[in-house]
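These are the residues of each chain, in order.
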Amino acid sequence: MSDDTSSAHAFAKLLAVVTELRARCPWDREQKLADTPRNLIEEAYEVADAIARGNRPDVAEELGDLMAQCLFAGVILAEGSEFDIATGIRNAAEKLIRRHPHIYGDTHAETVERVLENWERIKQDERASKEPNGAESLAHVGRGLPATMRAEKLGEKARRAGMDWANLREVLAKVREELDEIEQALDRNDTVGAAEELGDLMLAVANAPRFIGKDAEQTLRAACDKFVARFDEVARIAASRGLDLKKMTPSEIDGLWNEAKAAPRPPARH
């Protein structure tokens, strides 16, 4: 059996299982289309986590779970509209062909930058055909993404339109400016203003990693993992000495934190 045939057979089996569960399982029958985003997002993040850990068997497993959730949403969609999974897949294939004219047409694109320029131009043309006045707007960009990812994507889009910081140092200057404005709002007891300035600060910080070739989401996830490791080390040290973190002073906890920072880093998970 060829790879193409094997893949098609596996896909058909998964679709058949999802369809049968929708018809026969009490829980699956109760689900509405509005119930599906949570599981879709959860599975997508589990795929991202497996990729970040470099665990290929887990990546394959989580991708399978994500595909199952996509098919489940498609099965529900087909019940109440003229759209179905076949339509979605066919449209996705046609969109990829349309957005890769250097592969399927006579356009030339020898560099990644040129490919991205073509992709963005085609997307704008598609959007203009649907929303004549909205092709240049950023309002549509990343509306369904977590805020950190949307902030980074907005920065990337603005850069392609010609508006962006020149380098990381300019971003850091903006960060310092926003910190000053937060302090000024706090001095005025203006919590609404402080929250607004905090948002501006977070927007700038979310865009900082891309200036050194990093991804904002993965950079923050790595920081979260580091915090967890150090917190666990602080708790371990405290427990080994019979200490209760809740009864310790901030300076005492800082001392344990510095010990945890000096401890050897555990190996990366795989």
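Overview of the structure. (Residues numbered from 1 in each chain as written. Predicted model: local features only at pLDDT ≥ 70, side-chain atom pairs only at ≥ 80, totals over all residues. Heavy atoms only, no water.)

1. Here's the deal with the side chain of Lys-157
Line of reasoning, step 1. Relative to the helices and strands, Lys-157 resides in helix 8 (residues 147–160).
Line of reasoning, step 2. Here Lys-157 falls in the buried class, since its relative accessible area comes to 10%.
Line of reasoning, step 3. Filtering out sequence-adjacent residues up to four positions away, Lys-157 remains in contact with Glu-120, Lys-123, Leu-138 and Val-141. (Helix = DSSP H or I, 4+ residues; strand = E, 2+ residues; numbered from the N terminus. Buried < 20%, exposed > 50% of the residue type's maximum accessible area, 1.4 Å probe, protein only. Contact = heavy atoms within 4.5 Å.)

2. Section: unusual backbone geometry
Line of reasoning, step 1. At Asn-189, a residue that is not glycine, the phi angle is positive and equals roughly 60°.
Line of reasoning, step 2. You can see Asn-189 is positioned in the loop between helix 9 (168–187) and helix 10 (191–207).

3. Describing the pattern of salt bridges
Line of reasoning, step 1. Under the counting rule described, the total for this entry stands at 17 salt bridges.
Line of reasoning, step 2. Among the ionic pairs, Arg-22 bridges to Glu-79, the shortest N-O distance being 2.8 Å. Of this pair, Arg-22 sits in helix 1 (residues 3–24) while Glu-79 sits in helix 4 (residues 56–79), placing them 57 residues apart in sequence.
Line of reasoning, step 3. For Glu-233, the salt bridge is made with Arg-236, and the minimal N-O distance between the two is 2.8 Å. With Glu-233 and Arg-236 both in helix 11 (residues 216–240) and three residues apart, this pair spans about one turn of that helix.
Line of reasoning, step 4. Owing to a relative accessible area of 18%, Glu-233 belongs among the buried residues under this scheme.
Line of reasoning, step 5. We classify Arg-236 as partly exposed; its relative accessible area is 47%.
Line of reasoning, step 6. Connected through shared salt-bridge partners, Asp-49, Arg-53, Asp-58 and Arg-221 make up one network. (Salt bridge = Lys/Arg side-chain N within 4 Å of Asp/Glu carboxyl O.)

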